[in-house]
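An overview of the molecular structure
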Amino acid sequence: MLQSSTNGAEFIKRHIGPSDVDTQTMLANIGVPSLNELIEKTVPNNIRLKKPMNIPAGLSEFEMLQSLKAIGEKNIIAKNFIGQGYYGTITPSVILRNIFENPGWYTQYTPYQAEIAQGRLESLLNFQTMVADLTGLPIANASLLDEATAAAEAMAMIFNHVNKSDNITQPKLFVDQAIFQQTKDVLITRANPIGIELTEGDYQATTIDATFFGAILQYPNSKGSIEAYETFINQVHAVGGLVIVITDILALTLLKSPGELNADVAVGNTQRFGVPMGFGGPHAAFFATKDEFKRGMPGRLIGVSVDAQGNRALRMALQTREQHIKREKATSNICTAQALLANMAVMYAVYHGPHGLKKIAEKVHGLTQGLDQQLQSLSIQQNNAFYFDTLLVNGFDTTALKQLATAANINFNYSHEGFVSITLDETTSVSDVQEIVALFEKLIGKKAAAQNAVVKNANIQSALVRTSAYLLHPVFNTHHSETQMMRYIKHLENKDLSLNTSMISLGSCTMKLNAATEMIPVSWPAFGGLHPFAPNHQTLGYQELTKELSAFLCETTGFTACSLQPNSGAQGEYAGLLTIRSYHQALNESHRNIVLIPISAHGTNPASAVMAGFKVVVVACDAAGNIDVDDLKAKAALHAANLGALMVTYPSTHGVFEETIIDICQTIHDFGGMVYMDGANMNAQVGLTSPGNIGADVCHLNLHKTFAIPHGGGGPGMGPICVNDKLAPYLPGHNYNGDGSNAVSAAPIGSASILLISYAYIKMLGAEGLTLSTAYAIMNANYMKSRLEKCYTILYAGKNGTCAHEFIIDLRPFKASAGIEAEDVAKRLIDYGFHAPTMSFPVAGTIMIEPTESEDKAELDRFCDALIGIYEEIKAIENGQMDKIDNPLKNAPHTQKVICANEWTHAYSRQTAAFPLPYIIESKFWPTVARVNNTHGDRNLICTCEPVASYA
Ligand SMILES: Cc1ncc(COP(=O)(O)O)c(C=O)c1O
């Protein structure tokens, strides 16, 4: 029995929008007497859970924070000199408070509606400029998930570029032995299914021939050595290969850039630009390349365009290039990336400016030289002739050193056999260096010489000292006082519509409340300060938390094992499909490489399938939007011998609980395949049914949808996978835990620190609140549907006429009747103060609305009023009261500049344009640009901050 939201745990009524009184009105509107009845009509009886989930009752916000504090205290924040891609860093407080902890930044969605996203688009353009400048390559994307996957993306891009036809003549990639172990592991995982052969070796002792499509090097390398790669890069180019250089963003302020070394791609991580380590993530990886590769680049790319008035306006560029849009023709599945963390990292560069960054790098390099000198005076052998921040030492009892260091809570890196590497960072102080020296003194039994003055850049070979300038643009040379910085951040925030303005009803994206209490612990050093490769005894808090969270997620999905490694939904798909691939291989059935995917699936599904080595066979949908079961059965039978899997989203991407799902899963199993369930729509399942219960074998969960992690303007995300016993042995491993096979992310837990959010969410709602949230998500959607179906055609519904947690409005008829397209409605919604719903997915010419449980009746009504207002405007065009071309929809959105201009030439009033309904007067949200011209931006591609002169 579903109780009302005001009973039960305290947090339930904070999370769920509608009050008890409103619930009754809303149910009456839908035409059902109770929430129970609505759910019975909506969720097929044969898939309903028979008993409540085994998740404890919800804690209050206060209790939850207390309990997380206690868990955090079980983590030990040691002094970390491990390096290997993760470094101590100082998050400037102005960035911590105004971005990291600010819903105006973290609740934004990916900037598909460019007119209300100019702030973060500007910041991401700054990010691209920063990366392009520091890497010395002309074009950079707006972030990737982590360094290791960025390297794998680069590998796939150059592989496809060099091997243009299906006849692969250059299948080999040379991997230098001195790249980070976690990167090697992800390369191995990603190479195999797509037919890439990896050859590992020492770049100095390798001959590259024409069977290689490229090489991958690290600069400085995993041991900390700065190698001179130019000759080798030229050799690779000479045989028609391309070169990827993995690099360190801070070191590049002192080092000749990869572009100047003639590298083709540079990748790396921006974590050490002010983003806490967080036990492995989230952080923004970067990807920069030469202009000729831009159409094959993975991830999102921000570009400069113009708006309808000819003003400068930003947008996401070359979207047809986006890999998830290319579906099975894709070479990458990146969708969610790390926008929020990219924004933090670039703001760090904006705040410090080029001189500040260089000073930080010089301090790190100087302290490293000082340490080197003192260790040498103790006769410790240091093996890096040239280095930036890392010493590689040996010639002593490493086990004894490890004991001494561990006892003092000092972490070094012991992964290079027989050696110890010590990496310093921005947080290292002179006294930290003294502490390290003291450890060695104790070990050796003698005193080090006093430290000499350190020489700037002394340990970088002169040919590789950076002489080229970077970050000359005014944005990196203006906001250096806190007042300026605070205002710059606020200035950008004001341009963007976030959840702290109004509801964002993006179907398939679940933009629910990201409660402050869920977010607060993410800032705590007890969770932020841990290195992902810290020794186990220091991470007991994380271990407890992730164990409990995994158990909750298994309970929610009806599965038995969970991997928290994938750091986006698409990564989860990839990881899940790999478990299926490994399972078939273990049964000597590697030929099972066909995956059936309904036409309505999200583009990442086929993209992930191809990356995991499967061939995609598309299954049709019927007129009611359901999977065409006859077609599915026919195709399963046709491919019976080679059937690997079905990928299915449930409830469907059309927002319907298909009655046939059990039959569908059974069919796939009968033919020897496994069922992968895309968990994007879990917000309609939790507590009512589950993937395991329905008959799936594996699913991913978008924790950044159902489990309250905010979208951050396009990331971070977390896409853990849950599996049944059959697939459990094949979950992603990690070298940190002794076995790196099937690793899909750089860190053992892809983005560990944001798991706190989902953990807190589950702990505060408990089984009852989680189930009720699902029921209210369904109720809110059906309430909106019941109001809007009086005007619009709603595509698809379940057999009793109800929708799941989302529904699709068909706008296609208005094209013929009024010349109005989905885009016009989306842009007009901005004038009404709202973000458009999901556009043209899964059906072109439609919008898909998902209100979530967190919105109250008043907000839902405002949104319905807006859509009804727009409908009336369309009617006015249809009946000739409004002009077909000069109308508020075609001209939307209207900026303040347009409304306040002395001249007003339109056939409708300014008030109609800007204040079409009374509620808007109270809370007008002004877009800062008018409708953005998409084609102009793609034809004149500019993806970095323009030269200052161009603004004039
Ligand atoms: C149905 C569906 N599947 C998969 C994804 C991919 O998730 P992510 O963006 O986290 O990679 C999405 C993203 O919106 C989605 O809607």
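Okay, so let's go over this structure. Keep in mind the model is a prediction, meaning the values are calculated, not measured.

Definitions and cut-offs
- Residues numbered from 1 in each chain as written.
- Predicted model: local features only at pLDDT ≥ 70, side-chain atom pairs only at ≥ 80, totals over all residues.
- Heavy atoms only, no water.
- Helix = DSSP H or I, 4+ residues; strand = E, 2+ residues; numbered from the N terminus.
- Rg over C-alpha atoms; globule rule 2.2 N^0.38 Å.
- Contact = heavy atoms within 4.5 Å.
- Near = heavy atom within 4 Å.
- Polar contact = N/O pair within 3.5 Å; in protein donor to acceptor, adjacent residues only side chain to side chain.
- Areas by Shrake-Rupley, 256 points an atom, 1.4 Å probe, with all protein chains shown as cover.
- Nonpolar A, V, L, I, M, F, W, Y, C, P; charged D, E, K, R; others polar.
- Pairing = 2+ DSSP bridges.
- Axes fitted to C-alpha atoms, helices over the stretch in contact; angles between N-to-C directions.
- Buried < 20%, exposed > 50% of the residue type's maximum accessible area, 1.4 Å probe, protein only.
- Right-handed = clockwise from strand over helix to strand, strands pointing away.
- Parallel < 35°, antiparallel > 145°, perpendicular 65-115°, else oblique.
- Left-handed = near helix turned anticlockwise from the far one by under 90°.
- Phe/Tyr/Trp six-rings, centres within 6.5 Å; stacked < 30°, edge-to-face > 60°.
- Lys NZ or Arg CZ within 6 Å of the ring centre and 35° of its normal.

So, about the overall build of the chain. Each helix and strand counted, the chain has 31 helices and 25 strands in total. The C-alpha atoms of the chain give a radius of gyration of 28 Å, which matches the 30 Å a tight globule of 952 residues would have. Projecting the C-alpha coordinates of the chain onto the three principal axes gives extents of approximately 85 × 70 × 60 Å. Put simply, 77% of the contacts in the chain that link residues at least 6 apart link residues at least 24 apart.

Turning to the site of the ligand, a few remarks are in order. Every one of the 14 residues lining the ligand counts as a neighbour, but Thr336, Ser508, Gly569, Asp678 and His704 are closest to it. One nitrogen or oxygen atom from the side chain of Asn702 is found 3.3 Å from an oxygen atom belonging to the ligand. Expressed as a share of its isolated accessible area of 390 Å², the protein-covered part of the ligand is 97%. With three residues, the top contributor of residues to the shell around the ligand is helix α18 (residues 569-586). Of the residues belonging to the shell around the ligand, the class tally is three nonpolar, eight polar and three charged.

Taken in spatial order, the seven strands of this open sheet run β15-β21-β20-β19-β18-β16-β17, and their pairing is mixed. The strands lining the two open edges of the sheet, one partner per strand, are β15 (561-563) and β17 (615-619). Adjacent strand axes in the sheet meet at a mean angle of 20°, parallel and antiparallel pairs treated alike. In the packing of helix α19 (residues 604-611) onto the sheet, contacts are made with β16 (594-598), β17, β18 (643-649) and β19 (674-678), and the angle to β16 comes to roughly 175°. Of the strands in this sheet, β16, β17 and β18 are in contact with helix α20 (residues 629-638), which crosses β17 at around 150°.

A few words now on the sheet that holds strand β11 (residues 381-382). Spatially, three strands are ordered β11-β12-β14 in an open sheet, and the strand pairing comes out antiparallel. Of all strands in the sheet, those with a lone pairing partner are β11 and β14 (420-423), marking the two edges. Sheet contacts for helix α11 (residues 339-377): β11, β12 (390-394) and β14; angle to β12, the most-contacted strand, approximately 15°.

Another point: the pairing of β19. For β19, the tally of buried residues reaches five of five residues, placing the bulk of the element in the interior. As paired elements, β18 and β19 share five bridges and run parallel to each other. Directly across from Thr649, in β19, lies its bridge partner Asp678. Crossover connection from β18 via helix α21 (residues 661-670) to parallel β19: handedness right-handed. The sheet contact formed by β19 and strand β20 (residues 698-700) spans three bridges and is parallel. Bridging across to β20, Tyr676 finds its partner in Val698.

Among the secondary structure elements, Glu61 is positioned in helix α4 (residues 61-72). Beyond its immediate chain neighbours, meaning those up to four positions away, Glu61 contacts Glu10, Phe11, Arg14, Thr517 and Met764.

Backbone torsion omega between Gly281 and Pro282 reads 5°, so that peptide bond is classified as cis. With respect to the secondary-structure elements, Pro282 resides in the loop between β7 (265-269) and β8 (285-289). With an omega of 25°, the peptide bond between Gly715 and Pro716 qualifies as cis. Here Pro716 shows up in the loop between β20 and β21 (721-723). Of note, Leu471 is a non-glycine position whose phi angle comes to about 55°, a positive value. When you line up the elements, Leu471 lands in the loop between α13 (430-444) and α14 (482-493). Using a relative accessible area of 0% as the deciding quantity, one classes Leu471 as buried.

So, about the packing of helix α2 (residues 20-30) against helix α23 (residues 755-788). Two quantities define a packed helix pair, namely the angle between the axes and the distance from one axis to the other. Viewed as axis vectors pointing N to C, α2 and α23 meet at an angle of 55°, and their least axial separation amounts to 9 Å. Considered as vectors, α2 and α23 are oriented oblique to each other. Viewed along their axes, α2 and α23 form a crossing whose handedness is left-handed. Residue-level contacts link Thr23, Met26, Leu27, Asn29 and Ile30 of α2 to Tyr776, Met779, Asn780, Asn782, Tyr783, Ser786 and Arg787 of α23. By residue class, the composition of the contact of α2 with α23 is six nonpolar, five polar and one charged.

Two descriptors summarise a pair of aromatic rings, namely the distance from one centre to the other and the angle between the planes of the rings. Counted under the stated rule, the structure contains 25 aromatic pairs. Aromatic pair Phe273 and Tyr348: ring centres 5.1 Å apart, planes at 25°, arrangement stacked. In this pair, Phe273 is assigned in the loop between β7 and β8 and Tyr348 in helix α11, connecting sequence segments 75 residues apart. According to the relative accessible area criterion, Tyr348 is buried, its value standing at 0%. Ring centres of Trp904 and Tyr908 lie 5.8 Å apart, and the angle between their planes is 90°; this geometry places the pair in the edge-to-face category. With respect to class, Trp904 is no different from Tyr908; both count as buried. An aromatic cluster is built from Phe174, Tyr203, Tyr219, Tyr229 and Phe232, whose rings are joined through pairwise contacts. Just above the ring of Trp926 sits the side chain of Lys924; from NZ or CZ to the centre is 4.8 Å.

Shape descriptors only; they carry no functional weight alone.
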